[in-house]
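Coordinate analysis (summary)
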Amino acid sequence: MSKSSKPKNSAQGKGKGEEPTPEARRKQVLLGLAVGAVMGGVLWYFTQFWMWFPSGLAVGLATGVIMKPPAK
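Computed from a predicted model, the values in this text were never measured in an experiment. (Residues numbered from 1 in each chain as written. Predicted model: local features only at pLDDT ≥ 70, side-chain atom pairs only at ≥ 80, totals over all residues. Heavy atoms only, no water.)

Observations concerning the packing of aromatic side chains
Keep this limit in mind: Two rings from Phe, Tyr or Trp (for Trp, the six-membered ring) form a pair when their centres are within 6.5 Å of each other. A pair whose planes differ by under 30 degrees is stacked, one over 60 is edge-to-face, and the rest are tilted. With a 1.4 Å probe rolled over the protein chains alone, any residue whose accessible area is under 20% of its type maximum counts as buried; one over 50% counts as exposed, and the rest are partly exposed.
Under the definition given, this model contains two aromatic pairs. Taking the centre distance of 5.9 Å and the plane angle of 50° together, the rings of W44 and F53 count as tilted. Taking relative accessible area as the criterion, W44 reaches 39% and is therefore assigned partly exposed. Between the aromatic rings of Y45 and F46, the centroid separation amounts to 5.3 Å while the plane-to-plane angle is 70°, which identifies the pairing as edge-to-face.

Printed below as a string of structure tokens:
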């Protein structure tokens, strides 16, 4: 069996730079929720269907969690 030529660090999925702080991560999630609330409100206003508001919040929350905030 041949050994992998990749170093063990790359298998962990860590990118370049430092990991974001918990404060930066929290800010990113709250920003995602705020953007989702605004988009949900805009869609609710134009479509007159109130279920777009929770959908916008869910998309904003998912975006805030998935996106990696910039490291300081």
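Remarks on the side chain of Q28
Rule in force here: Secondary structure counts use DSSP, requiring at least four H or I residues in a row for a helix and at least two E residues in a row for a strand, with both numbered from the N terminus. We call two residues contacting when some pair of their heavy atoms lies within 4.5 Å.
Mapped onto the elements of the fold, Q28 is located in helix α2 (residues 22-47). According to the relative accessible area criterion, Q28 is buried, its value standing at 12%. Apart from the residues within four sequence positions on either side, Q28 is in contact with G64, M67 and P69.

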